[in-house]
Amino acid sequence: MLRRIRLLILVASAAACALGTVAGAQPTLLALAAKKATPKHKAAAKRLHGLTAPALLTPANGVRVQQIPTLTWGAVGGAAEYEYQVAADSRFHSIVLGTGAGRGTSTTNNLAAALFKPLTDGTYYWRVRGLTKTKEPGPWSSTRMLEKKWSEAPGLLGPANGAEIRWPLHPLVLSWSPVQGASEYIVTIASDRGLSSIVLGSATSPVKTWGTVFALPSTLAVGQYFWAVTPVDTEGHRGTRSQIGAFSWSWPTTTTTHLTDVAQPFGFEPQFSWASIPGASHYEVEVNQSPQFPQGSRWCCNTLTTATSMAPSELLANDHAFYWRVRAIDANGNAGVWNVGVGEHGAVGEGFTEAFDNVTPSVPNLTMSDANGSPLPPGVETDTPIVTWSPTPGASSYEVQVARYLLGLGCNWAAEELFGEKQTVDTASTAWTPLGPDNNRIGPSAWPLPDTHRGLAEEGTEYCVRVAARAAKDSRQNQVISAWTQIGGPNKPAFSFASQPPAGQPGPHGLETQASDYILPQNESTTPRTPLLTWNRVPGASLYYVVTARDAAFTDVVDVASTVVPAYAPELEGEEPLADQTNAYYWAVIPVAIAEENNKVFYVATSLPPEQDSPRSFTKFSVAPAPVAPVGGATVGIQPAFHWTAAEGAQTYTLQVSQDPTFGNLIDNERTASTSYTSTSTYPADVTLYWRVRANDANFHAEGLNWSAVQTFRVGLPVPAPSPSNPKTVEAIPVLSWSPVTGATSYDVHVEQPDGTTRDFTLDSPAFTVSEWDGPGVWRWQARAEFPAGTFQQVPGGYFAPQPIAHTEAAPSGVVGQRSGARITISWLPQQYAREYEVEVSTSDTFASNARVESERTEQSSWAPNIELSKPSNRGTLFWRVAAIDNRGNVGPYATGSFVAPKAKCVTKKVKRGHKTVRVCVKKKH
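Numbering of residues begins from 1 in every chain and follows the order in which that chain's sequence is written. Residues qualify for local features only when their pLDDT is at least 70, as the model is predicted, and side-chain atom pairs are given and counted only at 80 or more; totals for whole chains, interfaces and linings, by contrast, use all residues. Only hydrogens and water are set aside; all other atoms, that is, all heavy atoms of the structure, feed into the side-chain values.

### Quick word on the side chain of serine 525
Here is the rule: Secondary structure elements are defined from DSSP: runs of H or I of at least 4 residues count as helices, runs of E of at least 2 residues count as strands, and each element is numbered from the N terminus. The classification of residues rests on relative accessible area computed with a 1.4 Å probe and restricted to protein chains. Under 20% of the type maximum is buried, over 50% is exposed, and intermediate values are partly exposed. Nitrogen and oxygen atoms within 3.5 Å of one another constitute a polar contact, given that in protein one can donate a hydrogen and the other can accept it, and given that sequence-neighbouring residues count only through two side-chain atoms. Two residues form a contact once any of their heavy atoms are found within 4.5 Å.
With respect to the helices, strands and loops of the structure, serine 525 is situated in strand E42 (residues 525-527). Residue class for serine 525 comes out buried when judged on its relative accessible area of 19%. At 2.6 Å, the side chain of serine 525 forms a polar contact with the backbone oxygen of glutamine 522. Apart from residues lying up to four places away in sequence, serine 525 is in contact with Ser617, Phe618 and Thr619.

Have a look at this one:
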């Protein structure tokens, strides 16, 4: 008998495991045996504390759902309220969301329950039991299982799969269909179909948006891309990702090119220009000696420009063929295609030759001259050899070579200067004279040592002279120089150096230079260049010191030279060429006699100080470059192309731009070897700007040449135009767009929100979508372009006029309020942009606080209020309303309705009416 009881217990235990008995409703093993043994005990087990188990209604067992729906069940006689449980396991050890209204377990007077938050995908179990007035529980219902699988995926709407995005004329705007239950979406763009090489956001920090439309705010490199959208619910659970779409990103960057010679008619100096490319924030220009553009033959230009023209700031090699090309760079550094430039004759790919002084003769009017500046014939015999020439356009200095002429052999240009056979002199003057041999210091120690040179052989020796013009050094630091021009022609002597005449005896005034002895330049005259100085021979003088000073007292001496001839052309050293200055320069010739003592020859200056030698004065005042463009307050585009005339003796030019007419605070201070310059930065818009330019001569120690006349201009930065397709009234997040602006590096969008606050956004694209969209009312927005103003700096253009846009919010749609006996449910369609919903039930359609019966905030799209309908105040008509609440807590408009009070039950009675007896319904009192 004991074995039989034990076997029965084991069988009962196995049966309990097979039935999946749940916690809270586990009868003893003996009770299980009895339940199986007798029908009487089986019937009794269905009741507990006088209550039966509720019959579960919806959802059906084993159903698959997108979101956890409202749970409903049938009424249980004698039950005062109900307890429900939702768990992640069938034994209900893993209750979801905790305890309380709308959570995984709670009590309610309703015959329905709804969770207030979404759950992650998975299998869930639920059950219900009744409770007596004294909270005694009845038996649990059967357990139902449901599978929550949020499988609804967004449908990709645009662009069409495989579409080409031609940026920036057609910005990338992604759109997709909404997914119920989604509060936001993750947008993924990658360069591979597996979406592993993400180019928008990252795997750990994805790009999210509330809306179902997204305008890419940045740019992409040219190529193919893939994209997808993943819905996310209010709790951050990710839903099913959309299919993967594809598009190709293209940036049309071909353009037409132009080449202009800004050095005409004195050579060839290039200025490159091209048609603007939409979407370009910078341009890169390359100049190369090879039409294949190998890296090793590249010459320039390393500076990016925001303009559509450029002249190299450094010279190119003279008489070399060059080729050029240009390409656009966008705001993210993506480069467009190279556009090969046109050449000298307008053909694409044709080269050009930068030519400095490519005319014949290269040095104009090269001749021998007398002390008055009058020309002398080649081969002239003279004791005062003076070589003069006219300024060469574009030349900042000259190289002069004087070599002995060998009878029958010609000019000995190969001779060593050490033996006096040849002199090579660098000068910024337009004249040459031989210097003397004496370099002894004269005057105070502050005076410079005299300029000297090994003397030429006299006694009728013939010499050849040739001169070449020099510009600045090229970008590889090689001297740019012209061809030689020789006096009298090749292998012809220029002069015969006659012996110096005897010094003679000093005149009545002694060994002093008189005012009448000075010849050139005329006293108190003005000269545009460092002048040639000439004078009459002073009786008794065998040598002369020439002293030049900035003041009449000769306390600020800038140059001292010695010479045996009564002429002096300053050479290129020290402070030569002389700087411009408003006050005069003073110069004096100090005669020197020869004295002998102990068979030694001494040079004796007998008339110091120099003011005893009747100093003369001149004003050095160079002709400044003349501004060509922009002038007269002209309004220019994004980057003005400055242009000016060439200045005599200019090696480079300095351009200054300022908002201050005194140029105390500079915007630009650039040096260039060209007579044209286009800024690499953007100037402030709609203000008066001032510019000036001056030449820099061959004197590297001082830039004292005259400034040009100041010119004014204004920059009119382009303003984008809003697209006519922009909406005026919207509920969903809109796409706002405007015309792309050439040269813009980015765009600013300024938004005035309905509550008076403002927000600002910066993006690369001419299309804009917000990622969050909250707050009804009239919004005002406007956009402007940003332009580069140097490294890490930008200058904004103007905004277009504010554009109003009314943001409307609709009440939740598809709302259904149901009341059936003790069951009340309210459901609605999920609303886009809703973070949660506010639901209320009231005894009054005013929804005053004292009439409120029940209220809740839920993230789900259904609600089952816990209303005790047995209360007299709740028996009449009840009113309900529901509104969406966005992420900012803004409550939208309400959808409203009511539950009509149920008709009172009645009893049928017979009542006489006239001659007839009828049955009528008499309502029972509550």
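### Things to note about the nonpolar core
Inclusion rule: For the purposes of this section, nonpolar cores are sets of buried Ala, Val, Leu, Ile, Met, Phe, Trp, Tyr and Cys residues that join through side-chain atoms within 4.5 Å.
In terms of nonpolar packing, the biggest core is built from 65 residues, with Trp389, Trp432, Val465 and Phe495 touching the most fellow members. The dominant element in this core, judged by the number of residues it contributes, is strand E47 (residues 585-597), at seven residues. The contacts of tryptophan 389, once residues within four sequence positions are left out, are Val363, Pro364, Asn365, Leu366, Tyr398, Val400, Thr427, Ser429, Thr430, Ala431, Trp432 and Val467.

### So, the sheet that holds strand E4 (residues 63-65)
The condition is simple: Here, any two strands with at least 2 DSSP bridges between them count as paired. With axes taken as lines fitted to C-alpha atoms, and helix axes fitted only over the stretch in contact, angles between N-to-C directions fall between 0 and 180 degrees.
Strand order in this open sheet of five strands is E4-E10-E9-E6-E7, and the pairing throughout is mixed. Each edge of the sheet is formed by a strand with only one pairing partner; in this case those strands are E4 and strand E7 (105-108). Strand-to-strand twist in this sheet, taken as the mean axis angle between neighbours without regard to direction, amounts to 25°. Here E4 pairs with strand E10 (residues 144-148) via three bridges, running parallel. Directly across from arginine 64, in E10, lies its bridge partner glutamate 147.

### Observations concerning the pairing of strand E19 (residues 257-261)
Burial along E19 is one-sided: the residues Thr257, Leu259 and Asp261 are buried and none of His258 and Thr260 is. Taken together, the five bridges between E19 and strand E21 (residues 270-274) define a ladder with antiparallel strand orientation. For threonine 257, the partnering residue across the bridge sits in E21 and is tryptophan 274.

### Brief notes about the state of the cysteines
Note the cut-off: For this text, the term disulfide refers to a pair of cysteine sulfurs within 2.5 Å.
Under the definition given, this model contains one disulfide. Note on cysteine connectivity: cysteine 411 is disulfide-linked to cysteine 464, with sulfurs 2.1 Å apart. Judged by the torsion about the S-S bond (-80°), the cysteine 411/cysteine 464 disulfide is left-handed. Here cysteine 464 lies in strand E37 (residues 461-473) and cysteine 411 lies in strand E34 (residues 410-411), a separation of 53 residues in the sequence. Per residue, the accessibility class of cysteine 411 equals that of cysteine 464, and both read buried.

### Observations concerning the pattern of salt bridges
Worth spelling out the cut-off: Salt bridge, as used here, is a side-chain nitrogen of Lys or Arg placed within 4 Å of a carboxyl oxygen of Asp or Glu.
Scanning all chains against the criterion turns up 25 salt bridges. The residue arginine 166 makes a salt bridge to glutamate 164 at a minimum N-O spacing of 3.6 Å. For glutamate 164, a relative accessible area of 45% gives the class partly exposed. The residue aspartate 556 makes a salt bridge to arginine 550 at a minimum N-O spacing of 3.5 Å. Accessibility expressed as a relative area gives 24% for arginine 550, which makes it partly exposed. Three or more residues joined by partner-sharing salt bridges are found here, namely Glu284, Glu286, Arg298, Arg325 and Arg327.

### Describing the packing of aromatic side chains
Cut-off, in case you're wondering: In this scheme Phe, Tyr and Trp rings, the latter by its six-membered ring, pair at centre separations within 6.5 Å, and the angle between planes marks the pair as stacked below 30 degrees, edge-to-face above 60, and tilted otherwise. Cation placement over rings: the criterion is NZ of Lys or CZ of Arg within 6 Å of the ring centroid and within 35° of the ring normal.
Taken as a whole, this structure holds 28 aromatic pairs when the rule is applied. Ring plane angle 35° and centroid distance 5.9 Å describe the contact between phenylalanine 268 and phenylalanine 352, whose orientation is recorded as tilted. With phenylalanine 268 in strand E20 (residues 267-268) and phenylalanine 352 in strand E27 (residues 352-353), this pair connects stretches of sequence that are 84 residues apart. Across the pair, phenylalanine 352 and phenylalanine 268 agree in class, each one buried. Residues tryptophan 299 and phenylalanine 322 carry aromatic rings whose centres are separated by 5.4 Å and whose planes lie at 85° to one another, so their mutual orientation is edge-to-face. Remark: phenylalanine 322 occurs in strand E25 (residues 321-329) and tryptophan 299 occurs in strand E23 (residues 298-300); sequence separation between them is 23 residues. Each member of the pair tryptophan 299 and phenylalanine 322 is classed as buried. Grouped by ring-pair contacts, the aromatic residues Phe268, Phe272, Trp299, Phe322, Trp324 and Phe352 constitute a single cluster. Stacked on the ring of tryptophan 413, the Lys or Arg arginine 466 has its end atom at 4.1 Å from the ring centre. The ring of phenylalanine 663 carries the charged tip of arginine 692 above its face, separated from the ring centre by 4.2 Å.

### Some details on unusual backbone geometry
In this chain, threonine 58 is followed by proline 59 through a cis amide linkage whose omega measures 0°. Examined against the element boundaries, proline 59 turns out to sit in the loop between strand E3 (56-58) and E4. With omega at 0°, the peptide bond leading from threonine 360 into proline 361 counts as cis. Within the secondary structure, proline 361 is located in the loop between strand E28 (355-356) and strand E29 (367-369). Phi is positive for aspartate 319, which is not a glycine, with a value near 60°. The topology assignment puts aspartate 319 in the loop between strand E24 (309-310) and E25.

### Here's the deal with empty space enclosed by the protein
This is how it is decided: Buriedness of a pocket was judged along seven lines, with at least five required to meet protein on both sides within 12 Å; pockets are open sets of points on a 1 Å grid over the protein atoms alone, cavities are sets where a 1.4 Å probe fits but cannot get out, and lining residues have an atom within 4 Å of a point. Grid points are joined across faces, edges and corners, and a volume is the space filled by probe spheres set on the points.
With the rule as written, the count across this model stands at six cavities of 30 Å³ or more. Size it by volume and the largest cavity reaches roughly 140 Å³. Along the wall of the largest cavity there are 16 residues; nearest its centre are Glu809, Gln831, Gln832, Tyr833 and Ala884. Listing elements by their share of the lining of the largest cavity, those giving two or more residues are strand E71 (878-885) and strand E72 (891-899). Its boundaries defined by the atoms lining it, the second largest cavity holds a volume of some 100 Å³. Forming the boundary of the second largest cavity are Pro734, Leu736, Val751, Phe768, Thr769, Val770, Trp773, Trp779, Trp781 and Ile805.

### Brief notes about the environment of asparagine 372
Here asparagine 372 lies in the loop between E29 and strand E30 (375-376). Look at asparagine 372 and you get exposed, because its relative accessible area is 53%. Separated by 161 residues in the primary sequence, asparagine 372 and leucine 533 place their C-alpha atoms 9.9 Å from one another. Those residues within four positions of asparagine 372 in sequence are excluded, and the remaining contacts are Ile519 and Leu520.

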